[in-house]
Amino acid sequence: MSEPLAERMRPRTLDQYVGQQHLVGEGAVLRRMIDAGRISSFILWGPPGVGKTTLAQIIANKLQIPFYTLSAVTSGVKDVRDVIERAKSNRFFNSASPILFIDEIHRFSKSQQDSLLGAVERGIVTLIGATTENPSFEVIRPLLSRCQLYVLKPLERDDLLGLLHRALAEDVELKKRHIELKDTGALLRFSGGDARKLLNILQLVVEAFSEVEELVITDELVEQQLQQNPLAYDKEGEMHYDIISAFIKSIRGSDPDAALYWMARMIEGGEDPQFIARRMVISASEDVGLANPNALLLANAAFDTVMKIGWPEARITLAEAAVYLATSPKSNSAYLGIDSALAEVRQSGNLPVPLHLRNAPTALMKQLGYSDGYKYSHDFPGHFVEQQYLPDELQSKRFWYAQHSPAEEKLYQRMMQCWGEKKK
(Lines give C-alpha, C1' and ligand atoms only; values in the text may rest on other atoms or scores of the structure.)
Protein backbone atom coordinates (compact mmCIF):
# COMPACT_ATOMS: atom_id res chain seq x y z
CA MET A 1 0.00 0.00 0.00
CA SER A 2 1.73 3.17 -1.18
CA GLU A 3 -0.64 5.79 0.28
CA PRO A 4 -1.51 5.59 3.99
CA LEU A 5 -5.02 4.41 4.82
CA ALA A 6 -5.74 7.64 6.72
CA GLU A 7 -5.01 9.65 3.57
CA ARG A 8 -7.09 7.37 1.35
CA MET A 9 -10.03 7.74 3.75
CA ARG A 10 -9.75 11.52 4.08
CA PRO A 11 -13.27 12.99 3.57
CA ARG A 12 -13.81 15.14 0.48
CA THR A 13 -17.21 16.64 1.42
CA LEU A 14 -19.01 17.76 4.55
CA ASP A 15 -21.36 14.81 4.20
CA GLN A 16 -18.39 12.45 4.58
CA TYR A 17 -16.87 14.50 7.43
CA VAL A 18 -16.96 12.78 10.83
CA GLY A 19 -17.75 14.57 14.09
CA GLN A 20 -17.69 18.29 15.03
CA GLN A 21 -21.43 18.69 14.55
CA HIS A 22 -21.33 21.72 16.85
CA LEU A 23 -19.41 23.45 14.04
CA VAL A 24 -20.53 21.85 10.77
CA GLY A 25 -23.92 20.33 11.60
CA GLU A 26 -27.13 21.81 10.22
CA GLY A 27 -27.44 25.42 11.41
CA ALA A 28 -23.98 25.41 13.09
CA VAL A 29 -21.70 28.43 12.75
CA LEU A 30 -19.23 27.10 10.19
CA ARG A 31 -21.92 25.37 8.14
CA ARG A 32 -23.81 28.68 7.86
CA MET A 33 -20.69 30.49 6.64
CA ILE A 34 -19.89 27.76 4.13
CA ASP A 35 -23.46 27.66 2.82
CA ALA A 36 -23.40 31.47 2.46
CA GLY A 37 -20.23 31.15 0.37
CA ARG A 38 -18.17 33.52 2.51
CA ILE A 39 -15.91 32.72 5.43
CA SER A 40 -13.81 34.88 7.71
CA SER A 41 -10.37 34.00 9.11
CA PHE A 42 -10.40 31.47 11.94
CA ILE A 43 -8.22 29.12 13.96
CA LEU A 44 -9.12 25.50 14.65
CA TRP A 45 -7.89 24.29 18.04
CA GLY A 46 -8.10 20.61 18.92
CA PRO A 47 -6.15 17.38 19.49
CA PRO A 48 -4.53 15.49 16.59
CA GLY A 49 -6.66 13.49 14.18
CA VAL A 50 -10.01 15.24 14.64
CA GLY A 51 -10.21 16.76 11.14
CA LYS A 52 -8.62 20.23 11.25
CA THR A 53 -6.71 19.94 7.96
CA THR A 54 -9.54 18.01 6.32
CA LEU A 55 -12.11 20.66 7.25
CA ALA A 56 -9.97 23.42 5.71
CA GLN A 57 -9.62 21.44 2.46
CA ILE A 58 -13.34 20.69 2.30
CA ILE A 59 -14.16 24.39 2.73
CA ALA A 60 -11.80 25.37 -0.09
CA ASN A 61 -13.27 22.69 -2.39
CA LYS A 62 -16.82 23.64 -1.52
CA LEU A 63 -16.26 27.35 -2.17
CA GLN A 64 -14.06 26.67 -5.21
CA ILE A 65 -11.42 29.21 -4.25
CA PRO A 66 -7.60 28.94 -4.38
CA PHE A 67 -6.12 27.05 -1.43
CA TYR A 68 -2.56 27.54 -0.22
CA THR A 69 -1.01 25.55 2.59
CA LEU A 70 2.07 26.08 4.74
CA SER A 71 3.55 23.99 7.52
CA ALA A 72 4.86 26.01 10.44
CA VAL A 73 7.52 23.33 10.93
CA THR A 74 9.23 23.86 7.57
CA SER A 75 8.18 27.35 6.41
CA GLY A 76 9.90 30.67 7.09
CA VAL A 77 8.95 34.33 6.69
CA LYS A 78 10.02 34.24 3.03
CA ASP A 79 7.63 31.34 2.34
CA VAL A 80 4.79 33.30 3.93
CA ARG A 81 5.50 36.37 1.81
CA ASP A 82 5.79 34.27 -1.37
CA VAL A 83 2.39 32.69 -0.75
CA ILE A 84 0.82 36.09 -0.05
CA GLU A 85 2.19 37.43 -3.35
CA ARG A 86 0.75 34.42 -5.21
CA ALA A 87 -2.58 34.94 -3.45
CA LYS A 88 -2.63 38.56 -4.61
CA SER A 89 -2.19 37.50 -8.22
CA ASN A 90 -5.00 34.93 -7.91
CA ARG A 91 -7.47 37.35 -6.37
CA PHE A 92 -10.10 38.56 -8.81
CA PHE A 93 -12.38 41.57 -8.34
CA ASN A 94 -15.25 40.87 -5.93
CA SER A 95 -14.24 37.22 -5.54
CA ALA A 96 -13.63 35.45 -2.24
CA SER A 97 -10.12 35.73 -0.83
CA PRO A 98 -7.86 32.72 -1.36
CA ILE A 99 -7.51 30.50 1.72
CA LEU A 100 -4.12 30.23 3.39
CA PHE A 101 -4.06 27.16 5.63
CA ILE A 102 -1.24 27.01 8.19
CA ASP A 103 -0.83 23.69 9.95
CA GLU A 104 0.65 23.79 13.47
CA ILE A 105 0.43 27.58 13.54
CA HIS A 106 1.53 27.50 17.18
CA ARG A 107 5.04 26.73 15.92
CA PHE A 108 5.25 29.96 13.91
CA SER A 109 7.62 32.51 15.45
CA LYS A 110 6.44 36.04 16.29
CA SER A 111 8.08 37.42 13.14
CA GLN A 112 6.37 34.79 10.99
CA GLN A 113 3.01 35.61 12.53
CA ASP A 114 3.66 39.35 12.14
CA SER A 115 4.24 38.79 8.41
CA LEU A 116 0.66 37.51 8.12
CA LEU A 117 -1.07 40.43 9.79
CA GLY A 118 -1.31 42.85 6.87
CA ALA A 119 -2.57 40.22 4.41
CA VAL A 120 -5.24 39.00 6.83
CA GLU A 121 -6.32 42.53 7.78
CA ARG A 122 -6.66 43.68 4.14
CA GLY A 123 -8.43 40.50 3.08
CA ILE A 124 -5.69 39.39 0.68
CA VAL A 125 -6.03 35.93 2.21
CA THR A 126 -8.49 34.22 4.50
CA LEU A 127 -6.39 32.56 7.18
CA ILE A 128 -7.29 29.13 8.54
CA GLY A 129 -4.86 28.04 11.23
CA ALA A 130 -4.72 24.65 12.90
CA THR A 131 -3.16 24.07 16.31
CA THR A 132 -3.01 21.43 19.02
CA GLU A 133 -1.92 24.08 21.56
CA ASN A 134 -3.91 26.79 23.30
CA PRO A 135 -3.80 29.74 20.84
CA SER A 136 -3.86 32.20 23.75
CA PHE A 137 -0.32 31.08 24.59
CA GLU A 138 1.03 30.55 21.10
CA VAL A 139 -0.60 33.04 18.71
CA ILE A 140 0.21 36.75 18.94
CA ARG A 141 -2.66 38.89 20.17
CA PRO A 142 -3.05 41.09 17.02
CA LEU A 143 -3.43 37.99 14.84
CA LEU A 144 -5.70 36.22 17.31
CA SER A 145 -7.98 39.28 17.46
CA ARG A 146 -8.48 39.07 13.68
CA CYS A 147 -9.56 35.42 13.78
CA GLN A 148 -12.48 33.51 15.21
CA LEU A 149 -11.48 30.58 17.39
CA TYR A 150 -13.27 27.25 17.01
CA VAL A 151 -12.58 24.32 19.32
CA LEU A 152 -12.68 20.80 17.85
CA LYS A 153 -13.51 17.89 20.13
CA PRO A 154 -12.09 14.35 20.26
CA LEU A 155 -14.21 12.04 18.15
CA GLU A 156 -16.95 10.08 19.89
CA ARG A 157 -17.09 6.29 20.03
CA ASP A 158 -19.84 6.08 17.41
CA ASP A 159 -17.88 8.36 15.06
CA LEU A 160 -14.83 6.11 15.29
CA LEU A 161 -16.81 2.90 14.86
CA GLY A 162 -18.50 4.33 11.79
CA LEU A 163 -15.11 5.26 10.37
CA LEU A 164 -13.77 1.74 10.96
CA HIS A 165 -16.68 0.06 9.20
CA ARG A 166 -16.57 2.56 6.33
CA ALA A 167 -12.84 1.89 5.84
CA LEU A 168 -13.41 -1.87 5.61
CA ALA A 169 -16.32 -1.44 3.22
CA GLU A 170 -15.08 1.39 0.98
CA ASP A 171 -11.29 1.54 1.00
CA VAL A 172 -9.90 0.36 -2.32
CA GLU A 173 -7.38 -1.97 -0.65
CA LEU A 174 -9.23 -3.18 2.44
CA LYS A 175 -12.43 -4.16 0.65
CA LYS A 176 -10.41 -6.71 -1.34
CA ARG A 177 -9.72 -8.61 1.89
CA HIS A 178 -12.05 -10.65 4.10
CA ILE A 179 -11.67 -8.72 7.38
CA GLU A 180 -13.94 -9.21 10.38
CA LEU A 181 -14.02 -6.77 13.30
CA LYS A 182 -14.71 -9.14 16.17
CA ASP A 183 -13.49 -6.70 18.87
CA THR A 184 -13.09 -2.92 18.70
CA GLY A 185 -12.20 -2.08 22.31
CA ALA A 186 -8.41 -2.01 21.83
CA LEU A 187 -8.67 -0.06 18.58
CA LEU A 188 -10.80 2.60 20.25
CA ARG A 189 -8.73 2.68 23.43
CA PHE A 190 -5.39 3.14 21.70
CA SER A 191 -6.73 5.69 19.23
CA GLY A 192 -7.86 8.06 21.99
CA GLY A 193 -10.43 9.84 19.82
CA ASP A 194 -7.88 10.39 17.03
CA ALA A 195 -9.19 9.26 13.62
CA ARG A 196 -5.76 9.25 12.00
CA LYS A 197 -4.30 7.15 14.80
CA LEU A 198 -7.25 4.75 14.56
CA LEU A 199 -6.73 4.18 10.84
CA ASN A 200 -2.96 3.90 11.32
CA ILE A 201 -3.48 1.14 13.88
CA LEU A 202 -5.93 -0.66 11.60
CA GLN A 203 -3.48 -0.46 8.71
CA LEU A 204 -0.64 -1.71 10.93
CA VAL A 205 -2.64 -4.77 11.98
CA VAL A 206 -3.86 -5.55 8.47
CA GLU A 207 -0.39 -5.21 6.93
CA ALA A 208 1.09 -7.51 9.58
CA PHE A 209 -1.18 -10.28 8.23
CA SER A 210 -1.01 -9.46 4.53
CA GLU A 211 -0.67 -13.17 3.64
CA VAL A 212 -3.79 -14.19 5.57
CA GLU A 213 -6.86 -14.48 3.38
CA GLU A 214 -9.42 -14.11 6.17
CA LEU A 215 -8.44 -11.85 9.07
CA VAL A 216 -10.39 -11.65 12.32
CA ILE A 217 -9.39 -8.56 14.33
CA THR A 218 -9.54 -9.03 18.09
CA ASP A 219 -8.39 -6.92 21.04
CA GLU A 220 -5.62 -9.42 21.72
CA LEU A 221 -4.38 -9.19 18.14
CA VAL A 222 -4.30 -5.37 18.22
CA GLU A 223 -2.46 -5.28 21.57
CA GLN A 224 0.07 -7.83 20.33
CA GLN A 225 0.87 -5.79 17.22
CA LEU A 226 1.20 -2.51 19.12
CA GLN A 227 3.59 -4.10 21.60
CA GLN A 228 5.79 -5.12 18.71
CA ASN A 229 5.50 -1.70 17.03
CA PRO A 230 4.97 0.75 19.93
CA LEU A 231 5.59 3.93 17.91
CA ALA A 232 3.96 2.87 14.66
CA TYR A 233 0.66 4.55 15.39
CA ASP A 234 1.42 8.28 15.45
CA LYS A 235 4.16 8.98 17.92
CA GLU A 236 3.49 12.71 18.02
CA GLY A 237 -0.12 12.29 19.03
CA GLU A 238 0.92 9.95 21.83
CA MET A 239 3.67 12.29 23.02
CA HIS A 240 1.37 15.27 23.23
CA TYR A 241 -1.60 13.67 24.92
CA ASP A 242 -0.96 10.31 26.53
CA ILE A 243 2.48 10.93 28.00
CA ILE A 244 1.91 14.52 29.10
CA SER A 245 -1.22 13.27 30.87
CA ALA A 246 0.80 10.61 32.68
CA PHE A 247 3.44 13.21 33.58
CA ILE A 248 0.97 15.67 35.10
CA LYS A 249 -0.91 12.93 36.95
CA SER A 250 2.39 11.69 38.41
CA ILE A 251 3.12 15.19 39.74
CA ARG A 252 -0.42 15.43 41.12
CA GLY A 253 0.01 12.01 42.71
CA SER A 254 3.29 13.06 44.41
CA ASP A 255 5.46 10.48 42.61
CA PRO A 256 8.75 12.16 41.58
CA ASP A 257 10.16 8.97 40.05
CA ALA A 258 7.22 8.55 37.69
CA ALA A 259 7.32 12.27 36.86
CA LEU A 260 11.00 11.99 35.87
CA TYR A 261 10.34 8.85 33.82
CA TRP A 262 7.54 10.44 31.76
CA MET A 263 9.60 13.59 31.36
CA ALA A 264 12.48 11.47 30.03
CA ARG A 265 10.07 9.86 27.55
CA MET A 266 9.11 13.31 26.28
CA ILE A 267 12.71 14.49 26.06
CA GLU A 268 13.78 11.38 24.15
CA GLY A 269 10.80 11.81 21.83
CA GLY A 270 11.95 15.32 20.86
CA GLU A 271 9.27 17.23 22.75
CA ASP A 272 9.47 21.03 22.84
CA PRO A 273 10.93 22.00 26.27
CA GLN A 274 8.58 25.00 26.45
CA PHE A 275 5.61 22.65 26.17
CA ILE A 276 6.82 20.70 29.22
CA ALA A 277 7.64 23.84 31.19
CA ARG A 278 4.29 25.45 30.44
CA ARG A 279 2.41 22.37 31.66
CA MET A 280 4.34 22.52 34.92
CA VAL A 281 3.35 26.17 35.44
CA ILE A 282 -0.27 25.07 35.06
CA SER A 283 0.25 22.15 37.45
CA ALA A 284 1.84 24.45 40.04
CA SER A 285 -1.37 26.50 40.09
CA GLU A 286 -3.90 23.72 39.68
CA ASP A 287 -2.43 20.90 41.77
CA VAL A 288 0.04 22.38 44.26
CA GLY A 289 -1.68 25.71 44.70
CA LEU A 290 -1.84 27.35 48.10
CA ALA A 291 -0.36 24.30 49.82
CA ASN A 292 3.01 25.62 48.58
CA PRO A 293 2.76 29.01 46.80
CA ASN A 294 6.52 28.90 46.08
CA ALA A 295 5.82 26.12 43.56
CA LEU A 296 4.35 28.61 41.09
CA LEU A 297 7.38 30.89 41.48
CA LEU A 298 9.78 28.02 40.83
CA ALA A 299 7.78 26.67 37.88
CA ASN A 300 7.65 30.13 36.32
CA ALA A 301 11.40 30.57 36.88
CA ALA A 302 11.96 27.20 35.22
CA PHE A 303 9.90 28.31 32.22
CA ASP A 304 11.97 31.50 31.88
CA THR A 305 15.23 29.56 32.23
CA VAL A 306 14.22 27.01 29.58
CA MET A 307 13.44 29.88 27.19
CA LYS A 308 16.97 31.21 27.71
CA ILE A 309 19.11 28.06 27.60
CA GLY A 310 17.30 25.36 25.58
CA TRP A 311 18.47 21.76 25.24
CA PRO A 312 20.40 19.91 26.58
CA GLU A 313 20.87 21.93 29.80
CA ALA A 314 17.14 22.63 30.08
CA ARG A 315 16.61 18.99 31.07
CA ILE A 316 18.19 19.76 34.47
CA THR A 317 15.99 22.79 35.08
CA LEU A 318 12.87 20.86 34.07
CA ALA A 319 13.85 17.91 36.28
CA GLU A 320 14.38 20.21 39.28
CA ALA A 321 10.95 21.78 38.81
CA ALA A 322 9.24 18.40 38.26
CA VAL A 323 10.72 16.90 41.43
CA TYR A 324 9.84 20.00 43.45
CA LEU A 325 6.23 19.98 42.25
CA ALA A 326 5.84 16.24 42.76
CA THR A 327 7.22 16.36 46.33
CA SER A 328 5.22 19.46 47.32
CA PRO A 329 2.01 19.19 49.37
CA LYS A 330 -1.06 19.49 47.18
CA SER A 331 -4.16 21.69 47.17
CA ASN A 332 -6.68 22.53 44.47
CA SER A 333 -8.71 24.94 46.61
CA ALA A 334 -8.00 27.95 44.35
CA TYR A 335 -8.87 25.89 41.25
CA LEU A 336 -12.16 24.77 42.78
CA GLY A 337 -12.82 28.28 44.09
CA ILE A 338 -12.58 30.07 40.77
CA ASP A 339 -14.67 27.41 39.02
CA SER A 340 -17.34 27.80 41.70
CA ALA A 341 -17.27 31.59 41.32
CA LEU A 342 -17.51 31.32 37.52
CA ALA A 343 -20.50 29.00 37.83
CA GLU A 344 -22.20 31.55 40.09
CA VAL A 345 -21.53 34.40 37.67
CA ARG A 346 -23.00 32.41 34.77
CA GLN A 347 -26.07 31.61 36.84
CA SER A 348 -26.74 34.95 38.54
CA GLY A 349 -25.47 37.30 35.83
CA ASN A 350 -24.13 40.83 36.32
CA LEU A 351 -25.20 41.64 39.86
CA PRO A 352 -24.69 45.29 40.88
CA VAL A 353 -21.60 46.31 42.83
CA PRO A 354 -22.56 47.54 46.33
CA LEU A 355 -22.47 51.36 46.40
CA HIS A 356 -19.82 51.56 49.13
CA LEU A 357 -17.39 49.55 46.94
CA ARG A 358 -17.81 51.74 43.87
CA ASN A 359 -15.25 54.32 42.82
CA ALA A 360 -16.37 57.97 43.01
CA PRO A 361 -14.10 60.09 40.80
CA THR A 362 -16.80 62.75 40.10
CA ALA A 363 -19.02 64.94 42.28
CA LEU A 364 -22.16 63.42 40.76
CA MET A 365 -21.05 59.94 41.73
CA LYS A 366 -20.44 61.11 45.28
CA GLN A 367 -23.94 62.63 45.37
CA LEU A 368 -25.33 59.28 44.21
CA GLY A 369 -23.70 57.56 47.18
CA TYR A 370 -20.78 55.95 45.37
CA SER A 371 -18.05 54.95 47.88
CA ASP A 372 -20.20 56.26 50.75
CA GLY A 373 -19.58 54.22 53.88
CA TYR A 374 -16.51 52.39 52.60
CA LYS A 375 -14.06 51.50 55.37
CA TYR A 376 -10.36 51.65 54.45
CA SER A 377 -8.87 48.44 55.88
CA HIS A 378 -5.47 49.96 56.68
CA ASP A 379 -7.09 52.46 59.08
CA PHE A 380 -8.10 49.63 61.41
CA PRO A 381 -6.17 47.34 63.80
CA GLY A 382 -4.65 44.38 62.02
CA HIS A 383 -5.44 46.06 58.68
CA PHE A 384 -8.90 44.48 58.75
CA VAL A 385 -12.46 45.67 59.30
CA GLU A 386 -15.58 43.66 58.68
CA GLN A 387 -17.81 44.94 55.88
CA GLN A 388 -19.74 43.56 52.91
CA TYR A 389 -17.76 42.85 49.74
CA LEU A 390 -20.11 40.61 47.74
CA PRO A 391 -23.32 41.75 46.01
CA ASP A 392 -26.38 41.87 48.27
CA GLU A 393 -27.80 38.69 46.73
CA LEU A 394 -24.63 36.74 47.53
CA GLN A 395 -23.73 38.09 50.97
CA SER A 396 -23.37 34.67 52.58
CA LYS A 397 -21.99 32.84 49.52
CA ARG A 398 -18.71 30.91 49.86
CA PHE A 399 -16.40 30.02 46.98
CA TRP A 400 -13.05 29.26 48.59
CA TYR A 401 -12.69 26.49 51.17
CA ALA A 402 -9.31 25.84 52.76
CA GLN A 403 -7.82 22.39 52.45
CA HIS A 404 -5.57 20.51 54.86
CA SER A 405 -1.93 21.51 54.51
CA PRO A 406 0.32 23.49 56.90
CA ALA A 407 0.53 26.52 54.57
CA GLU A 408 -3.19 26.62 53.88
CA GLU A 409 -4.06 26.05 57.52
CA LYS A 410 -2.36 29.37 58.32
CA LEU A 411 -4.56 31.10 55.74
CA TYR A 412 -7.64 29.45 57.21
CA GLN A 413 -6.73 30.51 60.74
CA ARG A 414 -6.30 34.11 59.58
CA MET A 415 -9.74 34.02 57.95
CA MET A 416 -11.22 32.66 61.17
CA GLN A 417 -9.50 35.42 63.13
CA CYS A 418 -10.92 38.06 60.78
CA TRP A 419 -14.36 36.71 59.96
CA GLY A 420 -15.10 34.11 62.59
CA GLU A 421 -17.98 31.74 61.80
CA LYS A 422 -18.74 33.46 58.46
CA LYS A 423 -15.67 31.86 56.86
CA LYS A 424 -15.68 28.59 58.76
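Just above sits the structure.
Presented here is a report on the structure given in the accompanying data block. (Residues numbered from 1 in each chain as written. Predicted model: local features only at pLDDT ≥ 70, side-chain atom pairs only at ≥ 80, totals over all residues. Heavy atoms only, no water.)

**Some remarks on the overall build of the chain**
Within the chain, the secondary structure is distributed over 20 helices and seven strands. Along the three orthogonal principal directions, the C-alpha set of the chain runs to about 85 × 60 × 45 Å. Expressed as a percentage of the 424 residues in the chain, the buried residues total 44%. Looking at charge distribution, the chain has the averaged site of its 48 positive side-chain charges lying 7 Å from that of its 54 negative ones. (Helix = DSSP H or I, 4+ residues; strand = E, 2+ residues; numbered from the N terminus. Buried < 20%, exposed > 50% of the residue type's maximum accessible area, 1.4 Å probe, protein only. Lys, Arg positive; Asp, Glu negative; His and termini not counted. Charge placed at Lys NZ, Arg CZ, Asp CG, Glu CD.)

**A few points about the side chain of Ser 328**
By secondary structure assignment, the location of Ser 328 is in the loop between helix H17 (314-327) and helix H18 (333-348). Taking the relative accessible area as the measure of exposure, Ser 328 reaches 6% and is therefore buried. In this structure the side chain of Ser 328 is engaged in a polar contact, spanning 3.1 Å, whose partner is the side chain of Asn 292. There is a polar contact of 2.7 Å between the side chain of Ser 328 and the backbone oxygen of Tyr 324. (Polar contact = N/O pair within 3.5 Å; in protein donor to acceptor, adjacent residues only side chain to side chain.)

**A few points about the pairing of strand E1 (residues 42-45)**
Here E1 runs beside strand E4 (residues 126-131); their pairing, made up of four bridges, is parallel. What sits directly across from Phe 42, in E4, is Ile 128. (Pairing = 2+ DSSP bridges.)

**Here's the deal with the nonpolar core**
With 30 residues, the main nonpolar core has Leu 174, Leu 187, Leu 202, Ile 217 and Val 222 as its most contacted residues. Breaking this core down by element, the ones donating at least two residues are helix H1 (5-8), helix H9 (157-170), strand E6 (178-181), helix H10 (185-191), helix H11 (195-208), strand E7 (214-217) and helix H12 (219-228). Ile 276, Ala 277, Ala 295 and Leu 325 belong to the second largest nonpolar core, which has 25 residues in total. (Core = buried A, V, L, I, M, F, W, Y, C linked by side-chain atoms within 4.5 Å.)

**A few points about H18**
Taking 1.5 Å of rise per residue, the 16 residues of H18 would be expected to cover 22 Å, and the 22 Å separating its terminal C-alpha atoms lies within 8% of that figure. All of the buried residues along H18 are Ser 333, Gly 337 and Glu 344. Across the axial projection of H18, the buried residues extend over an arc of 35°, all falling on one side. Following H18 by one or two positions, Gly 349 adopts a phi angle in the positive range, close to 80°. (Expected span 1.5 Å × (residues − 1). Arc of directions from axis to C-beta.)

**Here's the deal with the pairing of E7**
Judged by which residues are buried, E7 turns out to be one-sided: Leu 215 and Ile 217 face inward and are buried, whereas Glu 214 and Val 216, on the alternate face, are not. Both E6 and E7 contribute to a ladder of four bridges, which runs parallel. In the strand pairing of E7, His 178 is matched with Glu 214.

**Section: the pattern of salt bridges**
Considering all chains together, one arrives at nine salt bridges under this definition. Notably, a salt bridge pairs Arg 166 with Glu 170, separated by 3.3 Å at the nearest N-O pair. Taken together, the residues Arg 166 and Glu 170, both in helix H9 and four residues apart, mark about one turn of the helix. Assessed through its relative accessible area of 47%, Glu 170 is described here as partly exposed. (Salt bridge = Lys/Arg side-chain N within 4 Å of Asp/Glu carboxyl O.)

**Here we look at the packing of helix H15 (residues 273-288) against H17**
Where H15 contacts H17, the two axes come as close as 11 Å, and the packing angle between them is 20°. It follows that H15 is roughly parallel to H17 by the angle criterion. Here the hand of the crossing between H15 and H17 comes out left-handed. Together, Pro 273, Ile 276, Ala 277, Met 280, Ala 284 and Val 288 of H15 and Leu 318, Ala 321, Ala 322 and Leu 325 of H17 make up the contact between the two elements. Across the contact of H15 with H17, the residue classes tally to 10 nonpolar, no polar and no charged. (Axes fitted to C-alpha atoms, helices over the stretch in contact; angles between N-to-C directions. Parallel < 35°, antiparallel > 145°, perpendicular 65-115°, else oblique. Left-handed = near helix turned anticlockwise from the far one by under 90°. Contact = heavy atoms within 4.5 Å. Nonpolar A, V, L, I, M, F, W, Y, C, P; charged D, E, K, R; others polar.)

**Remarks on H11**
Over its 14 residues, H11 runs 20 Å from end to end, which matches the ideal 20 Å to within 8%, given 1.5 Å per residue. Burial analysis of H11 places 11 of its 14 residues in the buried class, which makes it a mostly covered element. Here H11 has its buried residues at Ala 195, Lys 197, Leu 198, Leu 199, Asn 200, Ile 201, Leu 202, Gln 203, Leu 204, Val 205 and Val 206.

**Quick word on the sheet that holds strand E5 (residues 148-151)**
If you walk across this open sheet you meet the five strands as E2-E3-E4-E1-E5, and the pairing is parallel. The open sheet has two free edges, formed respectively by strand E2 (67-71) and E5, since each of these has just one partner strand. Within this sheet the neighbouring strands show an average axis-to-axis angle of 20°, counted without direction. Relative to strand E3 (residues 99-103), E2 runs parallel, the two being bridged by five bridges. Looking at the pairing, Leu 70 lines up with Ile 102 of E3.

**A look at the packing of helix H16 (residues 294-309) against H17**
For the pair H16 and H17, interaxial distance at closest approach is 9 Å and the crossing angle is 170°. One finds that H16 runs roughly antiparallel with respect to H17. Here Asn 294, Ala 295, Leu 298, Ala 302, Thr 305, Val 306 and Ile 309 of H16 come into contact with H17, specifically with Ala 314, Thr 317, Leu 318, Glu 320, Ala 321, Tyr 324 and Leu 325. Partitioned by chemical class, the residues of the contact of H16 with H17 number 10 nonpolar, three polar and one charged.

**Examining the environment of Leu 164**
Residue position: Leu 164 is located in helix H9. In this structure Leu 164 comes out as buried when scored by relative accessible area, which is 0%. For Leu 164 and Thr 184, which are 20 residues apart along the polypeptide, the C-alpha to C-alpha distance reads 9.1 Å. Non-local contacts of Leu 164, meaning those with residues more than four positions away in its chain, are made with Leu 181, Thr 184, Leu 187, Leu 198 and Leu 202.

**Description of a nonpolar patch on the surface**
Among the surface-exposed residues, Tyr 374, Tyr 376 and Tyr 389 lie close enough to one another that they form a single nonpolar patch of about 320 Å² accessible area. Tracing the sequence through the fold places Tyr 376 in the loop between helix H19 (363-367) and helix H20 (406-419). (Patch = residues over 30% accessible without salt bridge, like charges linked within 9 Å, V, L, I, M, F, W, Y side chains within 5 Å. Areas by Shrake-Rupley, 256 points an atom, 1.4 Å probe, with all protein chains shown as cover.)

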